[in-house]
Amino acid sequence: MSLTLRTISRDEHLAYIRSLPSASHMQVPAWGDVKAEWRSESLGWFDASQRLVGAALVLYRQLPKLKRYLAYLPEGPVINWYAPNLEEWLRPMLAHLKRQGAFSVKMGPPVVIRRWNAAAIKAGIQNPEVKRLRDVEATTLEPKAFEVADQLRRMGWQQGEDGGAGFGDVQPRYVFQIPLRDRSLDEVHKGFNQLWRRNIKKADKAGVQVVSGGFDDLPAWQHLYEVTAERDKFRPRPLMYFERMWRVLNEEEPGRMRLYFALHEGEPVAAATMLIVGGHVWYSYGASANHKREVRPSNAMQWRMLQDAHQMGAHVYDLRGIGDSLEDTDHLFGLIQFKVGTGGEAAEYLGEWDFPLNKLLHKALDIYMSRR
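Residues numbered from 1 in each chain as written. Predicted model: local features only at pLDDT ≥ 70, side-chain atom pairs only at ≥ 80, totals over all residues. Heavy atoms only, no water.

## Quick word on the overall build of the protein
Broken down by element type, the protein carries 12 helices and 15 strands. The C-alpha radius of gyration of the protein comes to 21 Å, within 12% of the 21 Å expected for a compact globule of 372 residues. Each of the three principal axes of the protein carries a C-alpha extent, and together these read 60 × 50 × 45 Å. For the protein, the residues scored as buried account for 54% of the 372 residues in total. Look at the contacts in the protein between residues 6 or more apart in sequence, and 73% of them connect residues 24 or more apart. Total accessible area on the protein stands at roughly 18,000 Å², and carbon and sulfur atoms take up 50% of it. (Helix = DSSP H or I, 4+ residues; strand = E, 2+ residues; numbered from the N terminus. Rg over C-alpha atoms; globule rule 2.2 N^0.38 Å. Buried < 20%, exposed > 50% of the residue type's maximum accessible area, 1.4 Å probe, protein only. Contact = heavy atoms within 4.5 Å. Areas by Shrake-Rupley, 256 points an atom, 1.4 Å probe, with all protein chains shown as cover.)

## What to know about the nonpolar core
Counting residues in each nonpolar core, the largest one holds 44 residues, and the members touching the most others are Trp 31, Trp 221, Phe 242, Met 245 and Leu 249. With 6 residues, the single largest contributor to this core is helix H9 (residues 239-252). In this view, Trp 31 contacts His 25, Met 26, Leu 57, Leu 59, Tyr 241, Met 245 and Leu 249; residues no more than four positions away in its chain are not counted. Within the second largest apolar cluster, 42 residues are counted, among which are Ala 118, Tyr 174, Leu 180 and Val 208. (Core = buried A, V, L, I, M, F, W, Y, C linked by side-chain atoms within 4.5 Å.)

## A short note on the packing of helix H4 (residues 118-126) against helix H11 (residues 333-340)
Axis separation between H4 and H11 bottoms out at 10 Å; the angle between their running directions is 140°. On the basis of their axis angle, the class for H4 and H11 is oblique. The interaxial crossing formed by H4 with H11 has left-handed handedness. On the side of H4, the interface is formed by Ala 118, Ile 121, Lys 122 and Ile 125, while H11 contributes Phe 333, Ile 336 and Val 340. (Axes fitted to C-alpha atoms, helices over the stretch in contact; angles between N-to-C directions. Parallel < 35°, antiparallel > 145°, perpendicular 65-115°, else oblique. Left-handed = near helix turned anticlockwise from the far one by under 90°.)

## Focus on the sheet that holds strand E6 (residues 112-117)
On the basis of which strands lie adjacent, the open sheet formed by 9 strands has the order E7-E6-E14-E8-E13-E12-E11-E10-E9 and mixed pairing. Edge positions in the sheet fall to strand E7 (140-141) and strand E9 (209-213), since each of these pairs with one other strand and no more. Across the sheet, helix H8 (residues 218-232) touches strand E10 (257-264), strand E11 (267-277) and strand E12 (280-288), and the angle it forms with E12 is around 70°. (Pairing = 2+ DSSP bridges.)

## Thoughts on the pairing of E6
In this structure, E6 lies alongside strand E14 (residues 345-349), joined through 5 bridges in antiparallel fashion. In the strand pairing of E14, Asn 117 is matched with Glu 345. Pairing of E6 with E7 involves 2 bridges; the strand directions are antiparallel. Paired with Arg 115 across the two strands is Thr 140, which belongs to E7.

## Describing the layout of surface pockets
Taken as a whole, the second largest pocket holds about 1,000 Å³ of empty space. What lines the second largest pocket is a set of 43 residues, and nearest its centre among them are Ser 22, Pro 110, Val 111, Val 112 and Tyr 349. Contributing elements (two or more residues each) for the lining of the second largest pocket: E6, E7, strand E8 (174-179), E12, strand E13 (316-321) and E14. Looking at the lining of the second largest pocket, the element that brings in the most residues is E6, giving 4 residues. Its residues placed into classes, the lining of the second largest pocket shows 22 nonpolar, 10 polar and 11 charged. (1 Å grid on protein atoms, 1.4 Å probe; cavity = no way out; pocket = protein on both sides within 12 Å on 5 of 7 lines; lining within 4 Å. Points joined across faces, edges and corners; volume = space filled by probe spheres on them. Nonpolar A, V, L, I, M, F, W, Y, C, P; charged D, E, K, R; others polar.)

## A closer look at helix H7 (residues 194-205)
For H7, which comprises 12 residues, the first-to-last C-alpha distance of 16 Å matches the rise-based estimate of 16 Å (1.5 Å per residue) to within 8%. Gly 207, located one to two residues past H7, shows a positive phi value of around 85°. (Expected span 1.5 Å × (residues − 1).)

## Remarks on the sheet that holds strand E5 (residues 102-107)
Taken in spatial order, the 6 strands line up as E1-E2-E3-E4-E5-E15 in an open sheet, and their pairing is mixed. Both edges of this open sheet fall to strand E1 (4-7) and strand E15 (353-356), since each of them pairs with a single strand only. Taken over all neighbouring pairs, the strand axes of this sheet differ in orientation by 25° on average, direction set aside. By the bridge criterion, 4 bridges tie E1 to strand E2 (residues 39-46) in an arrangement that is antiparallel. Paired with Thr 4 across the two strands is Phe 46, which belongs to E2. Against the sheet, helix H1 (residues 10-18) engages E1, E2 and strand E3 (52-62), with an angle of about 125° to E3.

## Let's talk about unusual backbone geometry
The peptide bond linking Gly 76 to Pro 77 adopts the cis configuration, its omega dihedral lying at 5°. Along the chain, Pro 77 falls in the loop between strand E4 (69-73) and helix H3 (86-99). Positive phi, normally seen in glycine, also occurs at Glu 75, with a value near 50°. With a phi close to 60°, Lys 292 is a non-glycine residue in the positive phi region. Here Lys 292 is to be found in the loop between E12 and helix H10 (297-311).

## Concerning the packing of aromatic side chains
By the definition in use, this model includes 15 aromatic pairs. Three or more aromatic residues joined by ring pairs make a cluster, and in this case those are Trp 221, Tyr 225, Phe 234, Tyr 241, Phe 242 and Tyr 285. It is Lys 144 that lies over the ring of Tyr 82; its NZ or CZ is 5.5 Å from the centre. For Arg 237, the ring lying beneath its charged end belongs to Tyr 241, and the centroid distance is 4.2 Å. (Phe/Tyr/Trp six-rings, centres within 6.5 Å; stacked < 30°, edge-to-face > 60°. Lys NZ or Arg CZ within 6 Å of the ring centre and 35° of its normal.)

Written as structure tokens, this is what we have:
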């Protein structure tokens, strides 16, 4: 296949994304507007008959005082990753990014390498000799993904020393997903463990209501989110970030971002954002109050979001990142324990890969990031 690469318009980029069954929400043109502190560019790959066959959203972050950039393709590019001529796809991309002033390229191939079903993970949690997800035999392996990794290494792409385990990458390498394709809602519900089913019933008996919100409800979301940030000791994003996210994503595709609240006696006690691209639905951000946890608002809210995703015809409901530790002493263990109760599956992506175009500047960035 003879491929050419050039900058494309937002309209061309969006039309290509719409033609696919799904793509990452971080690879739609509007994601560049969400990340306002980065410069963005849409790239397109064309075959010999000038048909658009791949696309990428590139985010450029400038180095202080230098006209040199880190080029980042979050969960992209959106290309045929299993093509035998992968180098013919990536070589022109690197040449283009170098011309744009990039000193280093970071990308996240949307390629799943392993999957573990809920039963396998539960068995791993119960086995005292098992420390990490990787210690558990995968339910499914994707041999082609290993070939992709081998090709990338031969081309000079690099991964961090930890191989991107857990939250080592910018985007999580391990995620938890609930398959919806060819499954009834009843089958999805039956896949929940006993505790999840009991908590959904408990929330219903307590009178928890789950409602959709809009742009004007984002301050109520922000309040719960900041409560969560203080409790879980992370730095929250500002309200203006979510307002911009809502505005630009929904202007590009109405309904791409949704907002949910779980109410108890009229009070919002849990909230979540949802993102939709094609048949892929993400639980994006979640928040909850410090009180009324006993009425299980988060379980009720997730069940409603799952029902809505199923009604939309989604083929997967993505609960996003998990850590890879199966030890109950790990601070991220509660995350995998909560998500595994849905009866879904853990998926391991290839992780993020770097290509140093200027080795000196790339090394300097590495040192800076390790000290942060």
